Protein chains: 2
Amino acid sequence: MDIFSKIILDKDKNKPIYIQLYNEIRNMIDKDILNSNGKLPSIRELSKLLRINSSTVVNAYRLLEEEGYVYKKLGSGTYVNKIYPQKKDQNNDISLDILYDFTNITSNSDLFPVNDFKRLMNKVVDRDGGIAFDYQDSKGYLPLRNAIVCYLEELGIQVPLESIQIISGAQQGIDIISKTIVDYGDTVITESPTYSGALYSFKSRSAKIVEIPVDRDGIDLINLEQKIKILRPKIIYVMPIYQNPTGFSYSEETKISILKLAEKYDAYIIEDDYISDIIFNNQRLKPLKSLDENNRVIYLKSFSKSFMPGIRLGFAILPISLQHKFLLGKQFSDISTSGFIQRVFALYLKEGLWKDHIQKISNIYNDKYNLTKEYIKKYKPVYLRYYRPSGGFNFWFSLPDGYSSQRLESYLKNNKILIYSGSRFYNDIYDIEYFRINIASINKTNLEKGIIRLFELIDQFIKDEKNRIINSSINNIGL
Amino acid sequence: MDIFSKIILDKDKNKPIYIQLYNEIRNMIDKDILNSNGKLPSIRELSKLLRINSSTVVNAYRLLEEEGYVYKKLGSGTYVNKIYPQKKDQNNDISLDILYDFTNITSNSDLFPVNDFKRLMNKVVDRDGGIAFDYQDSKGYLPLRNAIVCYLEELGIQVPLESIQIISGAQQGIDIISKTIVDYGDTVITESPTYSGALYSFKSRSAKIVEIPVDRDGIDLINLEQKIKILRPKIIYVMPIYQNPTGFSYSEETKISILKLAEKYDAYIIEDDYISDIIFNNQRLKPLKSLDENNRVIYLKSFSKSFMPGIRLGFAILPISLQHKFLLGKQFSDISTSGFIQRVFALYLKEGLWKDHIQKISNIYNDKYNLTKEYIKKYKPVYLRYYRPSGGFNFWFSLPDGYSSQRLESYLKNNKILIYSGSRFYNDIYDIEYFRINIASINKTNLEKGIIRLFELIDQFIKDEKNRIINSSINNIGL
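Not measured: the values here are computed from a predicted model.

J.: When you look at the overall build of chain A in this model, what are you seeing that I'm missing?
T.: Helix and strand counts for chain A come out as 15 helices and 16 strands. In chain A, buried positions account for 59% of the 479 residues. In chain A, once contacts between residues fewer than 6 apart in sequence are set aside, the share between residues at least 24 apart is 72%. For chain A, the exposed surface amounts to about 19,800 Å²; the carbon and sulfur share of it is 48%. Across chain A, the mean location of the 65 positive side-chain charges is 3 Å away from that of the 57 negative side-chain charges.

Written out as structure tokens, the structure reads:
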């Protein structure tokens with residue numbers, strides 16, 4: 001503690017105090033005044049010693065941690081971390097506390113093809129120089145768009161080059177479509193449950209949202225046609241392959257029927273494809289777009305789940321009638337997607353690295369998918385209902401009637417497990433018994449332990465809830 | 001031509017014919033069947049020879065050109081280009097024809113600090129591995145936000161860390177603010193003339209746009225207050241430093257007055273700062289934000305003009321009341337800005353490379369700015385009015401009354417010079433005598449020649465227009 005008492009902070013100085021404190025401690029680490037794995041004073045101790053607010057110490061420690069200078073040990077304290085470079089990250093501060101994160105939809109970043117990407121980044125800089133960092137055509141880098149035409153051919157989707165529009169991820173695609181064709185009061189149909197980011201975008205255009213249930217074969221077609229007839233929606237937003245959050249996939253018949261309905265009632269379908277490249281059980285599922293003869297489908301492809309989310313890259317296939325409008329919307333959303341990243345990814349596709357990568361992660365996901373099904377079968381409490389998915393990494397459950405998945409979500413969080421309550425996947429947020437677990441980021445070796453622990457805690461939760469309900473009844477009688 | 005007659009294209013094959021043709025010719029180049037600098041058949045010849053549509057050949061040649069396999073010589077034809085790697089680019093196809101581009105607002109890409117950036121990219125990948133490409137906090141990478149707090153302190157802007165939000169360029173900032181706080185029918189005040197991308201975003205929210213003229217000291221305050229009183233705008237959108245397109249800067253008094261008005265009438269000011277880091281004539285102009293005591297200013301900073309547009313990076317400083325709403329809007333616009341690019345740029349700032357870079361480009365821009373003023377003085381036709389800017393790279397002119405700048409724009413384009421008609425900078429697009437020239441991308445060595453040629457052509461245009469008007473009068477009499 002002696003060393004720390006020498007820290008001088010100047011309260012009148014322009015620099016915020018927590019940054020001054022951060023700089024002082026960082027200096028001590030850099031200059032080896034603090035030893036590796038040495039413990040820092042507790043927040044209370046240091047704030048008392050330096051006569052500063054404890055939140056100032058919290059902020060300084062947080063910054064040190066995010067920069068990788070220190071690490072936290074649960075229930076023990078903060079320690080100096082001298083092994084630099086290392087992989088500490090601001091997004092990870094939560095994971096120091098959390099044991100199993102069943103919400104994270106990205107694969108473990110160890111699986112990212114970082115070395116290939118690095119090599120190609122260098123290749124692009126050497127080849128193109130400053131031009132690689134100049135403004136990029138809003139429609140996208142042409143060699144990438146061209147490589148995507150070829151990539152799509154292999155998926156059985158044949159489209160002209162003109163229809164390919166580069167976007168900064170699927171969310172941006174949904175947002176631009178909303179801006180482009182959804183006006184105040186228009187109806188948008190979505191699946192129920194569905195992805196909350198899409199709901200937000202439609203609502204930000206003051207659209208009227210109508211949710212149609214999905215089941216094992218896809219969207220409920222009878223219900224859908226009834227609603228379409230009356231409401232004449234501009235947009236039907238769907239995920240026909242390994243739907244999020246349920247994991248259901250559309251049958252071939254459902255795909256053909258929804259396309260017919262769109263044609264008959266003059267609606268566009270947004271197909272949000274986040275996962276069709278990853279093949280489960282050797283069965284490639286056909287995107288709706290591959291059956292789309294009448295140009296009713298706006299296809300959105302994200303590479304966040306099958307490649308790396310941090311490159312912020314995806315593409316749209318647009319019917320000719322929307323290409324110009326969408327391009328304008330893109331231009332006034334962010335001018336263009338980074339031309340540099342587009343150049344690197346174009347090379348990645350061209351050099352044929354994509355196939356190996358997909359093969360590799362398909363194997364890993366298949367393994368985890370099949371193991372998860374096995375563990376669920378083995379360990380699931382009987383009262384828990386489980387909706388068997390057709391592939392993917394989402395598993396959809398429901399609690400017995402009357403139990404709250406929102407309460408379960410926070411109960412589990414207090415016990416260091418993250419899941420999402422089903423409430424997150426509906427337009428009107430109300431409490432519901434459904435919940436989603438996602439295994440994308442859980443390591444294979446942790447999977448069994450994680451699922452056992454999850455079910456143990458759910459069991460405990462159910463018991464606690466029963467007691468709570470009984471007690472509150474007793475209290476009510478007492479009143 | 002013999003070699004080309006051997007090309008076989010399969011019209012029934014799934015691959016588009018222009019891609020087949022592209023592949024055939026690329027193979028011939030790769031295998032040295034075609035010599036470097038050898039001429040390709042003309043579009044007419046090849047389409048005749050292979051019995052295909054001429055547009056198919058055009059598309060194939062375009063693709064070859066964009067990928068750097070061939071180059072066009074104006075009025076001569078298309079030639080094989082074997083010197084690969086090289087710097088051909090899809091954005092450059094127009095520049096093969098254009099002699100002077102006075103519309104491009106980015107500095108010549110030769111000035112981009114590509115080598116430093118490359119080194120830091122490798123450093124980030126080595127340090128962080130896959131985490132660098134994982135999802136990023138929507139608010140932004142904390143060490144970057146922290147580095148920005150320090151960067152701002154040097155500009156005289158003191159703000160808490162919480163107020164810093166990373167965005168994918170200033171256009172995205174405008175777009176998110178529009179989504180976040182502008183509703184159907186709200187009034188937005190802009191300068192007149194102003195940046196068209198901002199107008200588009202406001203209009204996409206069905207806002208009512210009210211334009212207030214800017215002059216040498218900034219926005220017309222009397223006019224502004226009259227309009228604010230009646231219309232109670234939510235937003236006032238301004239560029240107080242080297243306004244685009246006029247180049248005018250706000251006086252200190254105007255800055256203080258507009259802040260008072262915003263406070264008095266409860267409006268937010270968007271300050272779009274694309275250039276304050278570049279210092280002209282050794283005089284640093286203070287952003288409005290540095291005087292903003294009441295948190296009325298939403299400050300948007302683009303690094304596209306002072307750094308590299310292809311990284312798609314900027315930041316906003318947000319009043320506390322807007323931070324959460326904006327964060328949601330960001331999340332549902334594109335989830336986050338690329339975390340990888342943020343990490344690299346954070347290092348760039350931290351390693352102190354920024355100052356040297358800004359010094360270097362400030363020198364170059366100052367040179368060009370002062371030379372341009374000199375050349376304008378020397379060569380400008382007397383009838384052309386010129387609005388002396390206070391710095392920057394935009395110069396605002398007007399033709400004599402009654403002449404059309406839209407006609408001038410296309411006249412010059414036909415003569416291989418690009419400028420923007422003033423019509424592009426107003427809400428209601430009507431023809432107008434103003435036009436803008438921008439010298440950002442013109443090399444110093446070409447500047448004098450370019451300006452001489454520009455004025456020569458304007459002179460010719462004015463003469464032609466006079467004749468046209470006389471002739472049309474004669475014709476009218478003849479009727």
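J.: In this structure, what is going on with the sheet that holds strand β16 (residues 434-438) of chain B? I would like to understand it.
T.: In a beta sheet, neighbouring strands are held together by backbone hydrogen bonds and run either parallel or antiparallel to one another. Residues and elements named next belong to chain B. In space, the 4 strands of this open sheet follow the order β12-β13-β16-β15, with antiparallel pairing throughout. Only two strands of the sheet have a single neighbouring strand rather than two, namely β12 (385-387) and β15 (420-421). Taken together, the 2 bridges between β15 and β16 define a ladder with antiparallel strand orientation. If you follow Y420 over to β16, its bridge partner there is R436. Contacts from helix α13 (residues 353-379) reach β12 and β13 (394-398), with the element oriented near 20° to β13.

J.: Can you walk me through the interface of chain B and chain A in this structure?
T.: When the parts of a complex come together, some accessible area is lost, and that lost area is often used as the size of the interface. Taken residue by residue, the interface counts 80 residues in chain B and 80 residues in chain A. Summed over both partners, the interface of chain B with chain A comes to about 7,000 Å²; 53% of that surface belongs to carbon and sulfur atoms. The tally of links between chain B and chain A comes to 4 salt bridges. With its nearest N and O atoms 2.8 Å apart, the salt bridge here joins D126(B) to K118(A). Taken together, chain B and chain A are joined by 21 residue pairs in polar contact (both at pLDDT 80 or more). Looking at the side of chain B that touches chain A, the elements that each hand over two or more residues are α2 (17-30), α4 (54-66), α5 (114-128), α6 (142-154), α7 (170-181), α8 (196-204), α11 (320-334) and α12 (339-350) of chain B. Looking at the side of chain B that touches chain A element by element, the count peaks at 9 residues for α5(B).

J.: Mind showing me how you'd approach the relation of the copies chain B and chain A here?
T.: There are two copies of the chain, and a rotation about an axis plus a shift along that axis relates them. Mapping chain B onto chain A leaves a residual RMSD of 0.2 Å; the transformation is a rotation of 180° accompanied by 0.1 Å of translation along its axis. The relationship between the two copies is best expressed as a two-fold rotation axis.

J.: Looking at this model, I keep getting lost on a negative patch on the surface. Mind explaining?
T.: A grouping of D215(A), D217(A), D220(A) and E253(A) is seen on the molecular surface, where their side chains present a negatively charged patch. Relative to the helices and strands, E253(A) resides in helix α10 (residues 252-264).

J.: Sorry if this is basic, but what is going on with α6(B) here?
T.: Helical geometry: 3.6 residues make up each α-helical turn, so side chains three or four residues apart lie on a common side. Residue and element names in this part refer to chain B. The end-to-end C-alpha distance of α6, which contains 13 residues, comes to 19 Å, matching closely the 18 Å that a straight helix rising 1.5 Å per residue would cover. Here α6 lies mainly inside the structure; 11 of its 13 residues are buried. All buried positions along α6 are accounted for by L142, P143, L144, R145, N146, A147, I148, V149, Y151, L152 and E153.

J.: Sorry if this is basic, but what is going on with unusual backbone geometry here?
T.: Trans peptide bonds make up the majority, and among non-glycine residues the majority have a negative phi. With an omega of 10°, the peptide bond running from N244(A) to P245(A) counts as cis. Looking at the secondary structure, you find P245(A) in the loop between β8 (235-238) and α10. Geometrically, the link from S192(B) to P193(B) is a cis peptide bond, its omega value of -5° lying close to zero. For P193(B), the location among the structural elements is in the loop between β5 (187-192) and α8. Within the chain, I335(A) stands out as a residue other than glycine whose phi angle is a positive 65°. Structurally, I335(A) is set in the loop between α11 (320-334) and α12 (339-350).

J.: When you look at the packing of helix α7 (residues 170-181) of chain A against helix α8 (residues 196-204) of chain A in this model, what are you seeing that I'm missing?
T.: Each pair of packed helices can be summarised by the angle the axes make with each other and by the distance between the axes. Residues and elements named next belong to chain A. Interhelical geometry of α7 versus α8 gives an angle of 20° and a closest axis separation of 9 Å. Relative to α8, α7 is oriented roughly parallel. In this structure, α7 meets α8 at a crossing whose hand is right-handed. Only G197, A198, S201 and F202 of α8 make contact with α7, whose side of the interface consists of Q171, I174, D175 and S178. When the residues that make up the contact of α7 with α8 are grouped by side-chain class, the tally is 3 nonpolar, 4 polar and 1 charged.

J.: Explanation requested: the nonpolar core in the structure shown.
T.: Note that soluble globular proteins tend to have their nonpolar side chains buried in a common cluster. In this structure, F133(A), L152(A), F133(B) and L152(B) are the most contacted members of the largest nonpolar core, which totals 298 residues. Setting aside chain neighbours within four positions, we find L152(A) in contact with I157(A), V159(A), I164(A), Y299(A), F315(A) and I317(A).

J.: I keep staring at the sheet that holds strand β6 (residues 208-215) of chain A and nothing clicks. Help me out?
T.: Residues and elements named next belong to chain A. The 8 strands lie next to each other as β4-β11-β10-β9-β8-β5-β6-β7, forming an open sheet whose pairing is mixed. Bordering the open sheet on either side are β4 (164-167) and β7 (218-219), each of which pairs with just one other strand. Where β6 meets β7, 2 bridges bridge the pair, whose relative direction is antiparallel. Looking across to β7, one finds that D215 is bridged to G218.

J.: Before we go on, may I ask you to explain the packing of aromatic side chains in this structure?
T.: Two numbers describe a pair of aromatic rings. These are the distance of the centres and the angle of the planes. Within the structure shown, the criterion is met by 66 aromatic pairs over all chains. Where Y365(A) meets F393(A), the ring centres are 5.0 Å apart and the plane angle is 55°; that geometry is what we call tilted. Taken together, the residues span a long stretch of sequence, with Y365(A) in helix α13 (residues 353-379) and F393(A) in the loop between β12 (385-387) and β13 (394-398) at a distance of 28 residues. Accessibility expressed as a relative area gives 1% for Y365(A), which makes it buried. Relative to F340(B), the ring of F133(B) lies with its centre 4.7 Å away and its plane at 20°, an arrangement referred to as stacked. Of this pair, F133(B) sits in the loop between α5 and α6 while F340(B) sits in helix α12, placing them 207 residues apart in sequence. Across this residue pair, the class does not change: F133(B) and F340(B) are buried. A network of ring pairs unites the aromatic residues F117(A), Y151(A), Y299(A), F303(A), F307(A), F315(A), F345(A), Y348(A), W354(A), F133(B) and F340(B) as a single cluster.

J.: Looking at this model, I keep getting lost on the environment of E162(B). Mind explaining?
T.: All names here are of chain B. As for its position among the elements, E162 is in the loop between α6 and β4 (164-167). Assessed through its relative accessible area of 43%, E162 is described here as partly exposed. Along the backbone, E162 and Q359 are 197 residues apart, and their C-alpha atoms lie at a distance of 29 Å. Each residue touching E162, except ones within four places of it in the same chain, is listed here: K139, R145 and Q323.

J.: What's the story with the pattern of salt bridges in this structure? I'm lost.
T.: Close approach of charged atoms allows side chains with opposite charge to pair. Under the criterion given, the structure shown has 52 salt bridges over all chains. Its salt-bridge partner being R296(B), residue D266(B) comes within 3.1 Å of it at the nearest N-O pair. Within this pair, whereas D266(B) is found in the loop between α10 (252-264) and β9 (268-273), its partner R296(B) is found in the loop between β9 and β10 (297-302), the two being separated by 30 residues in sequence. Connected through shared salt-bridge partners, D116(A), R119(A), K123(A) and E351(A) make up one network.

Cut-offs and rules
- Residues numbered from 1 in each chain as written.
- Chains lettered and ligands numbered in written order.
- Predicted model: local features only at pLDDT ≥ 70, side-chain atom pairs only at ≥ 80, totals over all residues.
- Heavy atoms only, no water.
- Helix = DSSP H or I, 4+ residues; strand = E, 2+ residues; numbered from the N terminus.
- Buried < 20%, exposed > 50% of the residue type's maximum accessible area, 1.4 Å probe, protein only.
- Contact = heavy atoms within 4.5 Å.
- Areas by Shrake-Rupley, 256 points an atom, 1.4 Å probe, with all protein chains shown as cover.
- Lys, Arg positive; Asp, Glu negative; His and termini not counted.
- Charge placed at Lys NZ, Arg CZ, Asp CG, Glu CD.
- Pairing = 2+ DSSP bridges.
- Axes fitted to C-alpha atoms, helices over the stretch in contact; angles between N-to-C directions.
- Buried area = accessible area lost by both parts, 1.4 Å probe.
- Salt bridge = Lys/Arg side-chain N within 4 Å of Asp/Glu carboxyl O.
- Polar contact = N/O pair within 3.5 Å; in protein donor to acceptor, adjacent residues only side chain to side chain.
- Least-squares fit on C-alpha atoms with pLDDT ≥ 70 in both.
- Patch = residues over 30% accessible without salt bridge, like charges linked within 9 Å, V, L, I, M, F, W, Y side chains within 5 Å.
- Expected span 1.5 Å × (residues − 1).
- Parallel < 35°, antiparallel > 145°, perpendicular 65-115°, else oblique.
- Left-handed = near helix turned anticlockwise from the far one by under 90°.
- Nonpolar A, V, L, I, M, F, W, Y, C, P; charged D, E, K, R; others polar.
- Core = buried A, V, L, I, M, F, W, Y, C linked by side-chain atoms within 4.5 Å.
- Phe/Tyr/Trp six-rings, centres within 6.5 Å; stacked < 30°, edge-to-face > 60°.

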